[in-house]
Structure formats: structure tokens, C-alpha cells
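Now for the letters of each chain:
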Amino acid sequence: MNILLVGALAWNPERVLSLSDQGHGLFGLWSRTMAWEQGPYPFARNRITKLNIEGAIDLLHEGAIDIVYSLFHIYDRKLWSPDTPPGLADVWVLLGRLLHERDRGTFRVPIVRHWGFDVHNLDLKIVRALDGQIFCNRQQMDFWTLPASAGGCGLDLGCGNQEIAFMDSDLPSRKFMNKRFAPKISSTDGDIHTVCIGRPLGIDLVKAAMAGIHVHVYGNNYDDIAFIIASGLSPSGFSNLRSLLNDYLHVHPSIQPTGKSLDEINGAKDQWVEEFSRYDAG
């Protein structure tokens, strides 16, 4: 199959290359989004052919595309990267244009949307015109579609007339899940060592330190981890900050490469099991 990807690839985007490994042709029509997930992607060079909207419509008209696969997160405009390669547009604009062309009879292929965890807005007219939706889990679909009385948003997504499936959109490649487990740090000092991979939000670092629990933080190369930590401390927490940083809070370099080559991504993520298995909990 030849697959037209529309949107952005989010975290662990190299997993999309598994489609290429299975013999499918990939074409990328990238959209505006946050800096860390915005195409074009260095790792995808020679694996995903970058298109603009006119080039995508031409290929669809020629019958060279078998399916349109839109993906993943949708962020608010205020979070978009200020640095934008030429030709990138809002994903809703791109999907709207493709649906308009299909309504005109320019092409006839299915258009599906795979939802990530972070979805800040929906164009319901476009969503209802899709042929299928892939939710990251059933809870996401239920939250959006159940009535408010049942704890949902009560949205009509058109699911009754579409193909529906469920699959996590942020899964890393299975090849990184090796068996190179490392000894626990706790086996040497007797303390509890936990790990936060990503943003340290909602963690009471002062209470953890007072309980003798070490928190190891691995950021994502984009968020200011020091700012997040400081903003999460209460006024009384600031007085304990120096001791906390020295003894129980440990900030490590990110092992979530973005904007890198495929070899660099593979090299970094191949360390995951060995690095993170050192901790007692995550």
C-alpha cells in the first residue's frame, strides 16, 4: 500500500517506519504543531516522501495513494512552534482540503484519523466525515462520546457510521524492549529510588525527600525541567530546595532524542532498559 500520512508523528515517531519495513510506501503531508513533533523529520529521510498539499492531491488524483492516515496529537495554536518550514498548515485545514477534493470526485480512498493522548480541539464536521477513527484506548472514545451525566463530553463523532479501532499512538518500537536489566541502585544504598520520565508534574518532591525517597528525572529536551520543579514547590518547599537538590532530587539528561537521525535514535533508545531498570518504581 501507499499511505499518505497527514499531521505529525509525536513521540517515538520511528515506529511509523515499521510500515515501511513491511513494504508500504509512506508519504508525509506534515502539519503545524509543537517544535518537538513538527516535520520534516531527519530520521525519515529516504523513508517518507515529503509532500505539500498540491502534491498530495495530485498523487491521490493519479490513484497512487491507497489510504490517508491522519495522526496523532493536536495542540492549541498558542503552543505551536514559531519556527515553521514553508507550506505547513493546521491539520484541520489539510484534512478539510482533502475531504473537499474527495467530495468533488478528485479521488476515492478512505481517510482515517488516529488520535493521540493530547487533543486540544476538534473540528467535528471533519471528524464526522472520516471513514474511520483509531482511538488510543476505549476510555478516550468513551470520555468524548458519553453524555455529561455519565462523565463524558457528549460529542457526536460520527462513530456509528465509521470503522473504529483502538491502538496506543505513542508506543515505542518493541526492539528497544531488550533484556539488559541493570542492578538496582537501592541494592547499594538501601534507599528507594524512583524515576520520572518526562515532565515532573504533580510530584511532591519535598514529601518524597522527607520520606527518604529519591526522585530521578529524565526530561524531554524541550520543557524547562528546573522551572517545572520550582513552580511545583510550595513556599515552604523552597526553603528545603537546596537540601532536596543535593540529596534526593537527581536530574538526568534526556534519553528521548528528537530531530536526530535514525541511527542516533536507535542508539539512545537502546539504553532504555539498562538505564531505567536501575530504579525501584517509575
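Residues numbered from 1 in each chain as written. Predicted model: local features only at pLDDT ≥ 70, side-chain atom pairs only at ≥ 80, totals over all residues. Heavy atoms only, no water.

This part is about the pairing of strand 7 (residues 163–166). Across a regular strand the side chains alternate sides, sitting on one face of the sheet and then on the other. Judged from the four bridges that link them, strand 6 (residues 132–135) and strand 7 form a sheet pairing that is parallel. Residue Q133 lies in a different strand from strand 7, and its bridge partner there is I164. (Pairing = 2+ DSSP bridges. Helix = DSSP H or I, 4+ residues; strand = E, 2+ residues; numbered from the N terminus.)

A word on the pattern of salt bridges. Tallied over the entire structure, the rule returns eleven salt bridges. A salt bridge links E101 to R104; its shortest N-O distance comes to 2.6 Å. E101 gets classed as buried once you look at its relative accessible area, which sits at 8%. In this structure R104 comes out as exposed when scored by relative accessible area, which is 56%. Via salt bridges that share partners, E54, R97, E101 and R104 belong to a single interconnected network. (Salt bridge = Lys/Arg side-chain N within 4 Å of Asp/Glu carboxyl O. Buried < 20%, exposed > 50% of the residue type's maximum accessible area, 1.4 Å probe, protein only.)

The strand order 3-2-1-4-5-6-7 describes an open sheet built from seven strands, whose pairing is parallel. Unpaired on one side and paired on the other, strand 3 (48–50) and strand 7 mark the two borders of the sheet. Averaged over all adjacent pairs, the angle separating strand axes in this sheet is 25°, with direction ignored. Alignment of strand 1 (residues 2–7) against strand 2 (residues 25–30), held across six bridges, turns out to be parallel. The partner of L4 across the bridge, within strand 2, is F27. (Axes fitted to C-alpha atoms, helices over the stretch in contact; angles between N-to-C directions.)

Another point: helix 11 (residues 262–269). Considered for burial, the residues of helix 11 that qualify are I265, A268 and K269. Buried positions in helix 11, seen along its axis, are confined to an arc of 90° and lie on one side of it. (Arc of directions from axis to C-beta.)

Between G39 and P40 the backbone carries a cis peptide bond, its omega angle lying at 0°. Here L71 and F72 are connected by a cis peptide whose omega angle stands at -20°. Here the phi dihedral of A10 falls at roughly 65°; this positive angle occurs in a residue that is not glycine. By secondary structure assignment, the location of A10 is in the loop between strand 1 and helix 1 (17–21). A positive phi is found at N12, a non-glycine position, where the angle reads about 50°.

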